[in-house]
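In case you want the letters, here they are:
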Amino acid sequence: MTHDPVRLLWAAIAVGLWLLSVLAVVALRARARRAAAAKAEALAPPAGADAVLVAFASQTGLAEELAWMTAKSLSDAGTPARVALLGDLEPAELKAAERVLIIASTTGEGDPPDSMSWFVRQAMKAPADLTGLSYGLLALGDHSYADFCGFGRALDGWLLRSGAEPLFDRVEVDNGDAGAVRHWQHQLGLITGSTVQADWTPPAYDRWRLVERAHLNPDSPGGAAYLLAFEGVDHRPHWVAGDIAEIGLPARDGEAAPGAREYSVASLPASGRAEFIVRRMTRPDGSPGLASGWLTGELPIGGSVDMRVRTNRSFHGPDAATPLILIGNGTGLAGLIAHLRARAGQPHGGAWLMFGERTRAHDAFLDDELQAAQASGLLTRLDRVFSRDAGDGRYVQTLIGEHADALRVWLDRGAAIMVCGSLEGMSKGVHEALEAVLGADRLIELTETGRYRRDVY
Ligand SMILES: Cc1cc2nc3c(=O)[nH]c(=O)nc-3n(C[C@H](O)[C@H](O)[C@H](O)COP(=O)(O)O)c2cc1C
């Protein structure tokens with residue numbers, strides 16, 4: 001033992017500093033707990049109300065922050081919500097919640113956050129029974145890591161294998177990308193039925209001018225669909241096939257602007273235009289939809305809009321050597337044709353388009369371009385069905401069963417499936433048909449490995 005007074009003094013100072021740091025951590029944790037309790041109290045659902053569970057798995061805090069913002073948005077829209085650490089829950093508690101929104105980040109090299117250690121080792125080691133549970137998943141990651149959103153994707157696979165039902169496809173956020181976070185907000189709006197919510201991250205819009213509007217389906221028994229083309233005013237933005245444009249709606253009659261609408265971009269920047277296929281919607285009273293009525297009618301040629309093209313990583317295509325199976329209906333052709341156009345003029349692994357609409361005579365959208373693509377070899381195979389034609393009457397999902405053998409051959413060659421179009425009418429039917437032909441496990445494996453991608457609305 002030392003009796004050197006200087007060394008004793010230093011030792012006392014070291015112990016004092018250590019104690020202070022312990023107290024500081026305790027105080028910080030207590031403050032964080034108090035803050036969490038205060039937030040929870042502010043959001044506390046009324047007694048007896050069915051609250052949506054918002055569960056997070058976070059390493060450096062962003063997923064947690066987004067969980068609280070999610071819960072706040074839900075409760076502001078009248079849907080009670082409660083927040084929990086995903087790693088603290090048992091599968092039975094998830095099941096009992098019936099509806100869960102999960103925000104999960106990836107750390108290390110595709111690893112789960114530390115708080116998920118027990119959950120991953122115990123709960124996720126085999127499928128659980130989560131039948132009856134609906135979920136939405138926001139996966140946070142950074143594309144510069146080899147295993148992008150690795151944990152979010154693994155979690156998605158486990159939830160699917162456990163029988164849980166996705167409310168919508170996994171939303172992947174690259175490095176906090178504001179557009180993807182707004183897409184999550186947009187999905188929350190659909191859950192709560194309120195499309196107007198305060199933007200967490202207001203988009204920086206550019207001005208675009210409408211340069212063309214072509215009616216694609218005159219005399220169709222369905223709603224009028226238009227090809228719209230815009231040119232940037234003084235800017236040349238970059239985007240890739242699969243990306244989405246947010247078009248801000250103008251404020252009217254002194255009321256607050258009604259937010260933005262999302263549309264799949266059909267063109268590529270090299271064309272100098274952003275093209276969309278927009279169907280005019282009709283409200284129950286017969287009046288045209290707010291956004292679609294404005295874009296397909298009121299907005300004059302030469303008129304300008306606020307627009308921003310945002311990255312939609314979950315619908316980006318594989319490299320050109322990968323065979324592509326494109327499946328969709330109606331205005332979904334926009335999101336599909338972008339992938340075809342992206343391969344024009346370069347060697348590619350082949351593309352097969354399965355498309356459904358109402359009548360061959362009036363609804364064969366972009367027929368000239370599709371025929372030319374087939375003639376040039378850009379499109380290897382084209383199968384179209386028309387549900388209102390006498391002698392046809394099929395929907396696009398029927399094609400999957402009819403061509404099951406060819407589909408398996410394409411997949412064995414490494415093909416990726418991209419689906420774009422309506423959620424209710426088409427994507428559920430396509431999903432079930434794929435499951436019937438390929439088996440649930442293979443479809444989950446294709447989902448996890450990014451070979452089954454959807455952009456459905
Ligand atoms: C040490 C470290 C490792 C990471 N590893 C990955 C990875 O393998 N894959 C990925 O997609 N993102 C990775 N990320 C990015 C995070 O997922 C991303 O920053 C996320 O927004 C963090 O959310 P959180 O703050 O809730 O943990 C990593 C981040 C850090 C700091």
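Residues numbered from 1 in each chain as written. Predicted model: local features only at pLDDT ≥ 70, side-chain atom pairs only at ≥ 80, totals over all residues. Heavy atoms only, no water.

Draft legend 1. Just the site of the ligand, in detail. Looking at the ligand, there are 19 residues lining it, with Ser58, Thr60, Ala63, Thr106 and Gly108 nearest. Between the ligand and the protein, one listed contact pairs an oxygen atom with a backbone N or O atom of glutamine 59 at 2.7 Å. One of the backbone nitrogen or oxygen atoms of leucine 140 is found 3.4 Å away from an oxygen atom of the ligand. Contact with the protein chains hides 81% of the accessible area of the ligand, taken as 640 Å² for the molecule alone. With respect to the pocket detection grid, the ligand is positioned in the second largest pocket. Listing elements by their share of the shell around the ligand, those giving two or more residues are helix 2 (62-76) and strand 4 (134-141). Residue composition of the shell around the ligand, grouped by class: six nonpolar, ten polar and three charged. (Near = heavy atom within 4 Å. Polar contact = N/O pair within 3.5 Å; in protein donor to acceptor, adjacent residues only side chain to side chain. Areas by Shrake-Rupley, 256 points an atom, 1.4 Å probe, with all protein chains shown as cover. 1 Å grid on protein atoms, 1.4 Å probe; cavity = no way out; pocket = protein on both sides within 12 Å on 5 of 7 lines; lining within 4 Å. Sits in = over half its atoms within 2 Å of the grid points. Helix = DSSP H or I, 4+ residues; strand = E, 2+ residues; numbered from the N terminus. Nonpolar A, V, L, I, M, F, W, Y, C, P; charged D, E, K, R; others polar.)

Draft legend 2. Up close: the pairing of strand 4. Among the eight residues of strand 4, seven are classified as buried, and the element is accordingly described as predominantly covered. With seven bridges connecting them, strand 3 (residues 99-105) and strand 4 associate as parallel partners. Looking across to strand 4, one finds that alanine 104 is bridged to alanine 139. Direction of pairing for strand 4 relative to strand 5 (residues 165-166): parallel, over a ladder of two bridges. Residue pairing across strands places serine 134 opposite glutamate 165, the latter belonging to strand 5. Crossover handedness for the path strand 4 to helix 5 (residues 150-161) to strand 5: right-handed. Sheet analysis places strand 4 next to strand 6 (residues 171-174), joined by four bridges and oriented parallel. Paired with alanine 139 across the two strands is glutamate 172, which belongs to strand 6. (Buried < 20%, exposed > 50% of the residue type's maximum accessible area, 1.4 Å probe, protein only. Pairing = 2+ DSSP bridges. Right-handed = clockwise from strand over helix to strand, strands pointing away.)

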